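Per-entry structural report
For reference, the chains in residue letters:
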Amino acid sequence: MTKVTAQMSVSLDGFYTGPRDTRDNQDMSGWMRGPEAPGFFRVTRWAVDAMAWRERQGFAGGEQSIDSKIVEETFAAAGAYVMGRRMFDAGEVPWGEEPPFRAPVFVVTHRAREVLERQGGTSFTFVTEGLERAVELARDAAGGKDVAVAGGGELVRQVLAAGLLDQLELHIAPVLLGDGQRLFGPGLGLGADDGIELVPARVVDAPGVTHIRYTVTRRAKLVLDDRGASGALVGSAETER
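Our subject in this report is the structure included herewith. (Residues numbered from 1 in each chain as written. Predicted model: local features only at pLDDT ≥ 70, side-chain atom pairs only at ≥ 80, totals over all residues. Heavy atoms only, no water.)

Notes on the pattern of salt bridges
The final tally for this structure, using the stated rule, is 14 salt bridges. D166 is the salt-bridge partner of R139, the closest N and O atoms lying 3.8 Å from each other. Of this pair, R139 sits in helix α7 (residues 131-141) while D166 sits in the loop between α8 (153-161) and β8 (167-173), and the two are 27 residues apart along the sequence. Its relative accessible area of 35% is what places R139 among the partly exposed residues. As a salt-bridge pair, R213 and E169 come within 3.5 Å of each other at their nearest N and O atoms. With R213 in strand β11 (residues 209-221) and E169 in strand β8, the pair connects residues that are 44 residues apart, well separated along the chain. Assigned by exposure class, R213 and E169 land together as buried. Through salt bridges that share partners, E73, E169, R202 and R213 make up one connected network. (Salt bridge = Lys/Arg side-chain N within 4 Å of Asp/Glu carboxyl O. Helix = DSSP H or I, 4+ residues; strand = E, 2+ residues; numbered from the N terminus. Buried < 20%, exposed > 50% of the residue type's maximum accessible area, 1.4 Å probe, protein only.)

Quick look at the structure:
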């Protein structure tokens, strides 16, 4: 069954890049000189060093490790992708004529553009009818495989807040960035008594990163149990006296 999945690399304090770059960078080299890049490359170091990631990007070298197996598994599971326009704009030139996706990609945007066909099976379709429509088109194109939300972080939050995400995998780097773009926060639109429940499905502890896969269940009301209501544990010595 097709699932909508997302995976993000974050620091221990929850940032996936450094502070947002407010300049209007026209190419990757400009972005690399900005404040986002140092934090981004620190939390994604585990992937950049992996052989499977480097091969997919057309680079040599890399380590054949559990991290590499997870990268390989992630690519293999995806039958289609959804991404934000900012991510596409940053990646269009560096990805070149044969991007690493090798599957249909649906770009959520307000700016229409003709479908962009690339080598290796990648195509970019620009969807102006909103996030839900992009996910719907990706499901139809996935051929029974998963729809992967490629990012960025803002799009992942939108998919999660809309109740469209089935699985979330976090790759947690053992570093504190202190500032930057945080993956989770008020943007989820949760009230004081709301929560989105996640169930850990797999934990892989590698030397430089911890991979945690969650099944996303549902948005639910947070209900005080007896401990929250009375301040005492049910069945404790205090309540039994």
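Moving on from the coordinates now.
Concerning the side chain of R118
Take R118: it is sitting in the loop between β5 (116-117) and β6 (123-127). A polar contact is formed between the side chain of R118 and the side chain of E97, at a distance of 3.0 Å. (Polar contact = N/O pair within 3.5 Å; in protein donor to acceptor, adjacent residues only side chain to side chain.)

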